[in-house]
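Structure at a glance
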Amino acid sequence: MKKYQFKIINLDCANCANKLERILEKIELIENVSISFITQKLTFECQESDKEKALETIRKKIKKEEPDLKIEEV
Amino acid sequence: MNRKQKKQWIKLILSLFLCLLSFFIKFETKKINNGLLILAYGIVGIDIVLKAIRNLFKGKMLDENFLMTIATLGAFGIGEFPEAVAVMLFYQIGELFQSYAVDKSRKSISDLMEIRPDYANVYRKGKILKVDPDEVKIDEIIFVKPGEKIPLDGRVIEGESMLDTKALTGEAVPRKVTVEDEVLSGCINNTSSLKIKVTKEFGESTVKKILDLVENASSRKSVAENFISKFARIYTPVVVIIALLLMLLPNLILKDAQFSDWFYRALSFLVVSCPCALVISIPLAFFLGIGAASKMGVLIKGSNYLEALAKTEIIACDKTGTLTEGVFKVQKIESSGYSKKEVLKMAALAESFSNHPISHSLKQAYGKKMNKKEVTKTQEIAGQGVLAIVEGQTVLVGNEKLMNKYKINFEKSEEEGTLVYVAKNNEWIGTLVISDKIKDDAYKAIQRFKKNRVKKIVMLTGDREKASAYVAKTLNLDEYHTELLPQEKCEWIEKLITEKTENKKVIFVGDGINDAPVLALADIGISMGGLGSDAAIEASDIVIMTDEPSKIASSIQISKKTMRIVKQNSFFAIAIKIGVLLLSALGLTSMWASVFADVGVSILAILNALRLLDVKKIS
């Protein structure tokens, strides 16, 4: 398991951040997902080999849920 | 002001202007007035309406934008044109102010994190390159100019300078470093350039560890935060369901019910349906509390520990290194006829070949360079002291037993600590009192613990009874237990945990190196003087970067302040929302109040949380 961190851009609603966190928690490849509204950061853990796949799933879910949000490498 | 905010201002002013126009000028037909209002609504509300439509297609009926749109369009529907525009306008004004408040909080947090070094000057192929600290490898040589942050942990190989450790310890005491000294990342190089050989990669460096700790602290959630997120999850659906019932039921039950009246009341409900005030301000308060503590040199590993700290009832602490300095020093010299200097000189010279901790403290107290040639013979007498020939005279340095053995007449001292008697030519010349000094800060700390309603302060130490009793008495501790092995300390902690009131907490404070199991066992384990020590950071829940126990009292104060703000915000937000909901159900208030209960409360709650940044009042 490796820990990854990304910056979330345009995150301006705290409740949405919480909802999004609950949605991402359901993705099987990743663990310990957290979205911090205050630091605008997405953190999760996954196997190194799964990173790209996980990221793709995350992007898809985010796009569906909050199309204005973007995630960027820190 | 960013671009988004600027755009928003323009829209708001334009829309407000159209509203005023419609209010104050009577046009030929009412249609023009209403048209102006619809235009005003369009200008500020179109974003929200579009988002609402988008969300509707995704089946997200409980989305804030959707509910706001329904509420305002509904108001149009029942002919409340000004109301509809005003609600949208004030909602947007509120959101704008909220975004300022959020920006301000984010800014203050990034200020707290400013210890992160942006670059490192590294020597590569004879040149100095400016690179990301992440790219520097172990054993590379970096160059730090005065005024720059030290980007990575390492050892000085050239230069001498004063470092400012404020960012790490919260204290502006400069520290002198020279060749061979270890330096920590995050310190600021104050006076002159240093060449440093890197000993740890950036990922493992002190500054990165501290930043990670503070950033990730919010993922260990407090009870209050968990409560809020549960509350938020049920709040919106409940409010929406009540709104629906409010719209439908009275029309079915009451004979003279007017649909538009109850519809209006239901719409007011929708405006208050977002739990945002709580969802933002409670985690923010914990985050700022942890940030404020880190500014003072206290690292708190989680919101849960910050929350627990406010409930401290019993503090158990280690003695050596925690309450005392952990260094043996000559505290006092008694003498008969001879000067104190002479007594110290004799003792230091006689002990100059010994490696015993006592002889170290004698040498240190003497301070001057010693001419060891003066000492012609030394003989250690196990468990008693030393016999030496100094400047041709027989000198005895040791305890009572040594004096008795050589039948020397001496004045017995009543001082606490280790007593070292000195005799020259079979005559007692003086006595040195050596003890571990109690930290000056410890007195303040104990007083402040009591002021913060800590019921009991207990000292648990492996040291001997006499020296410990002195410390306990001087500091006015409630209990002390001596000559304990580490596992016996654990037993005491277990006992204290059974003694405490339910819900209250037992803290253990130690040096973090020998006390790992005890730190783990206590409700909150605090290690002290952990600057740069991995073991200490690993083993404890809270790390005090300096060696001041009074920082624990400051942390308790920050914790209490945080919890006060959390309670104020929760109570205030929930009370106002429920109040406004009740009033609008009864038809006693307008949508205006609902807008305030929604965004107004969020802004006030954020501003209240920002009070935590004022750490000056605490220490």
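What you see is a predicted model; the values in this text were computed from it and never measured.

**Notes on the overall build of chain B**
Helix and strand counts for chain B stand at 20 helices and 22 strands. Computed over its C-alpha atoms, the radius of gyration of chain B comes to 35 Å, more than 25% above the 25 Å expected for a compact globule of 619 residues. Oriented by its inertia axes, the alpha-carbon framework of chain B measures out at about 120 × 65 × 40 Å. Sorting the 619 residues of chain B into buried and exposed places 46% on the buried side. At a minimum sequence separation of 6, the contacts of chain B that also span at least 24 residues come to 64%.

**Re the confidence of the model for chain B**
Summing up the model confidence of chain B, the mean pLDDT is 87 and the portion of residues at 70 or higher is 98%. Confidence metrics for the complex model read pTM 0.81 and ipTM 0.82.

**Quick notes on the domain arrangement of chain B**
Residue and element names in this part refer to chain B. As far as domains go, chain B holds domain 1 (120-213), domain 2 (299-323 + 439-545) and domain 3 (325-437). With centres defined by C-alpha atoms, the gap from domain 1 to domain 2 works out at 33 Å. Taken together, the contact pairs seven residues of domain 1 with six residues of domain 2. With four residues, the single largest contributor to the side of domain 1 that touches domain 2 is helix α6 (residues 206-216).

**A few points about the packing of helix α1 (residues 3-24) of chain B against helix α2 (residues 30-57) of chain B**
Residues and elements named next belong to chain B. The contact between α1 and α2 brings their axes to 8 Å, and the two run at 165°. One way to sum up the angle between α1 and α2 is to call them roughly antiparallel. In this structure, α1 meets α2 at a crossing whose hand is left-handed. In contact with K11, L12, L14, S15, L18, C19, L21 and S22 of α1, α2 contributes N33, L36, L37, L39, A40, I43 and V44.

**A look at the sheet that holds strand β8 (residues 188-189) of chain B**
Each strand in a sheet pairs with its neighbour through backbone hydrogen bonds, running either in the same direction (parallel) or in the opposite one (antiparallel). All names here are of chain B. The three strands are arranged β6-β5-β8 in an open sheet whose pairing can be described as antiparallel. Edge strands, defined here as strands with exactly one partner in the open sheet, are β6 (174-177) and β8. Note: strand β5 (residues 161-164) against β8, two bridges, orientation antiparallel. Paired with D164 across the bridge in β8 is I188.

**Digging into the environment of A469(B)**
Residues and elements named next belong to chain B. Turning to its location among the elements, A469 is positioned in helix α15 (residues 465-475). Judged by C-beta crowding, with 14 C-beta atoms within 10 Å, A469 ranks as partly exposed. In the structure, A469 is positioned 333 residues away from V136 in sequence and 51 Å away in space, judged by C-alpha atoms.

**Some words on the sheet that holds strand β1 (residues 2-9) of chain A**
All names here are of chain A. Taken together, the four strands give an open sheet; going across it, the order is β2-β3-β1-β4, and neighbouring strands pair in antiparallel fashion. Looking at strand neighbours, the two that pair on one side only are β2 (31-36) and β4 (70-73), the edges of this open sheet. Strand-to-strand twist in this sheet, taken as the mean axis angle between neighbours without regard to direction, amounts to 25°. Where β1 meets β4, four bridges bridge the pair, whose relative direction is antiparallel. Paired with I9 across the two strands is K70, which belongs to β4.

Rules used throughout
Residues numbered from 1 in each chain as written. Chains lettered and ligands numbered in written order. Predicted model: local features only at pLDDT ≥ 70, side-chain atom pairs only at ≥ 80, totals over all residues. Helix = DSSP H or I, 4+ residues; strand = E, 2+ residues; numbered from the N terminus. Rg over C-alpha atoms; globule rule 2.2 N^0.38 Å. Buried ≥ 20, exposed ≤ 12 C-beta atoms within 10 Å, placed from the backbone. Contact = placed C-beta atoms within 7 Å. pLDDT = per-residue confidence, 0-100. Domains from an automatic or database assignment. Axes fitted to C-alpha atoms, helices over the stretch in contact; angles between N-to-C directions. Parallel < 35°, antiparallel > 145°, perpendicular 65-115°, else oblique. Left-handed = near helix turned anticlockwise from the far one by under 90°. Pairing = 2+ DSSP bridges.

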